[in-house]
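# Reading the structure
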Amino acid sequence: MSSSWNSVGLEVLYQVLGWVAFFAWSFSFYPQVILNYKRKSVVGLNFDFLVLNLTKHSSYLIYNAAMFFSPFIQRQYHDKYGDKEMIPVAANDVAFSLHAVALTAFTVFQVFIYERGIQKVSKVCISITAIVWTAAIVCLIIAWPKSDWLWLIDVFNSIQVGMTAIKYIPQAIMNFRRKSTIGWSIGNILLDLTGGVLNFGQMGVQSIDQHTLVNFYGNIGKTLLSLETVFFDVLFIIQHYVLYPAKKDENDDFPVLPIEVKHVAAQ
């Protein structure tokens, strides 16, 4: 028997939480894009963050789209976790991933058309990205003969989890070194935190309805994504409001200082 919701109310709540999280996460991309446009410059934006973020969202899109649209992969999931278990990907997950890849790619496009100073992608970032995509291709070759597509998309899910953890670290270190969060939009962080909390709540609602925690460990990537997002966003909020508070919120229009460029380029 295929899986279904036991409570209509919980199903509605699940959809509401998912779509609110989608809009919160989606809107969090726009402050940086608008700021770049206003300044006609990307000086101060970490290029390593962009590359790692594009890898992260591309991997997440592959996982979500494959799980949501492929009956074959859904059958493999049910064979592994049970026919009564619901797939751990909702329509809003796919929509978010599509939007995230598009906005991140557009931000990369801005790097090529606007002033970027001396900034460039670090060799470490290039190496990590090359290793990750090479490993993904190797896994595709391994999965192809046996049609082990569930295992393959789980690999992409793991990639996006790893990229989520890595991509935030340079910004946190840079804030610590500068003893300032100027140039890092707190609005972006607040929206990101809202999406992370609601995403985790959405999974909790499904678990309550199904009386199981399978969707947490059956989609470990989504679980870790929410936890990582909440952890780093709380860290950034502490840095912004407690450790390095500014008298005036200058994150949107403050010109990038030379010391900021130096630290960004060094990441």
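Everything numeric in this text was worked out from a predicted model, so none of it was measured.

## With respect to the overall build of the protein chain
- Tallying secondary structure elements over the protein chain gives 11 helices and 0 strands in all.
- Listed N to C, the secondary structure of the protein chain is α-α-α-α-α-α-α-α-α-α-α in terms of helices and strands.
- For the protein chain, buried positions account for 50% of its 267 residues.
- Here the analysis covers contacts within the protein chain between residues at least 6 apart in sequence; of these, 83% occur between residues at least 24 apart.
- Accessible surface computed for the protein chain: about 13000 Å², of which carbon and sulfur atoms make up 71%.

## Thoughts on a nonpolar patch on the surface
- Where nonpolar side chains cluster on the molecular surface, the patch consists of Leu190, Val234, Ile238, Tyr241, Val242 and Leu243 and spans about 540 Å² of accessible area.
- The greatest single-element share of the nonpolar patch, amounting to 5 residues, is contributed by helix H10 (residues 220–243).

## Re the UniProt feature "transmembrane region" (unreviewed entry) in the protein chain
- Following the UniProt record, the feature "transmembrane region" (unreviewed entry) maps to residues 12–37, 58–74, 94–112, 124–143 and 149–169 here.
- Annotation note: span residues 58–74, helix share 94%, strand share 0%, distance between end C-alpha atoms 20 Å.

## Description of the packing of helix H3 (residues 47–69) against helix H5 (residues 91–113)
- At their nearest, the axes of H3 and H5 sit 8 Å apart, and the two run at 155° to each other. With respect to H5, the element H3 is oriented roughly antiparallel. For the pair H3 and H5, the sense of crossing is left-handed.
- Residues of the contact of H3 with H5, tallied by class, amount to 17 nonpolar, 7 polar and 1 charged.

## Some points on the packing of H3 against helix H6 (residues 123–143)
- Two elements in contact, H3 and H6, have axes separated by 10 Å at closest approach and are oriented at 15°. By the angle between their axes, H3 is roughly parallel relative to H6. In this structure, the crossing between H3 and H6 has a hand that is left-handed. Residue-level contacts link Asp48, Val51, Leu52, Thr55, Ser58 and Ser59 of H3 to Cys125, Ile128, Thr129, Val132 and Trp133 of H6.
- When its residues are assigned to classes, the contact of H3 with H6 shows 6 nonpolar, 4 polar and 1 charged.

## What about the environment of phenylalanine 112?
- Its location among the elements puts phenylalanine 112 in helix H5.
- Residue classification places phenylalanine 112 among the exposed residues on the basis of a relative accessible area of 61%.
- Between the C-alpha atom of phenylalanine 112 and that of serine 41, which follows or precedes it by 71 residues, the distance is 9.9 Å.

## Focus on the environment of valine 205
- Structurally, valine 205 is set in helix H8 (residues 186–210).
- Overall, the relative accessible area of 7% leaves valine 205 in the buried class.
- Remark: the alpha-carbon pair of valine 205 and tyrosine 14, spanning 191 residues in sequence, is separated by 6.1 Å.
- Setting aside chain neighbours within four positions, we find valine 205 in contact with Trp5, Leu10, Leu13, Tyr14 and Leu17.

## Notes on the packing of aromatic side chains
- Scanning the model with the defined rule gives 13 aromatic pairs in all.
- Judged by centre distance (6.0 Å) and plane angle (35°), the rings of phenylalanine 23 and phenylalanine 27 are tilted. In this pair, phenylalanine 23 and phenylalanine 27 are both assigned in helix H1 (residues 8–27), 4 residues apart and thus about one turn of the helix distant.
- Here phenylalanine 23 falls in the partly exposed class, since its relative accessible area comes to 42%.
- Over the ring of tyrosine 37 we find lysine 40; its NZ or CZ atom is 3.9 Å from the centre of that ring.
- Its end group placed over the ring of phenylalanine 176, lysine 179 keeps NZ or CZ at 4.0 Å from the ring centre.

## Remarks on unusual backbone geometry
- In this model, lysine 40 sits at a positive phi of 50°, which is unusual for a non-glycine residue.
- Mapped onto the fold, lysine 40 is located in the loop between helix H2 (30–39) and H3.
- Under the relative-accessibility criterion, lysine 40 is labelled partly exposed at 43%.

Rules of the game
- Residues numbered from 1 in each chain as written.
- Predicted model: local features only at pLDDT ≥ 70, side-chain atom pairs only at ≥ 80, totals over all residues.
- Heavy atoms only, no water.
- Helix = DSSP H or I, 4+ residues; strand = E, 2+ residues; numbered from the N terminus.
- Buried < 20%, exposed > 50% of the residue type's maximum accessible area, 1.4 Å probe, protein only.
- Contact = heavy atoms within 4.5 Å.
- Areas by Shrake-Rupley, 256 points an atom, 1.4 Å probe, with all protein chains shown as cover.
- Patch = residues over 30% accessible without salt bridge, like charges linked within 9 Å, V, L, I, M, F, W, Y side chains within 5 Å.
- Salt bridge = Lys/Arg side-chain N within 4 Å of Asp/Glu carboxyl O.
- UniProt positions renumbered as here; feature names shortened; annotations may be inferred.
- Axes fitted to C-alpha atoms, helices over the stretch in contact; angles between N-to-C directions.
- Parallel < 35°, antiparallel > 145°, perpendicular 65-115°, else oblique.
- Left-handed = near helix turned anticlockwise from the far one by under 90°.
- Nonpolar A, V, L, I, M, F, W, Y, C, P; charged D, E, K, R; others polar.
- Phe/Tyr/Trp six-rings, centres within 6.5 Å; stacked < 30°, edge-to-face > 60°.
- Lys NZ or Arg CZ within 6 Å of the ring centre and 35° of its normal.

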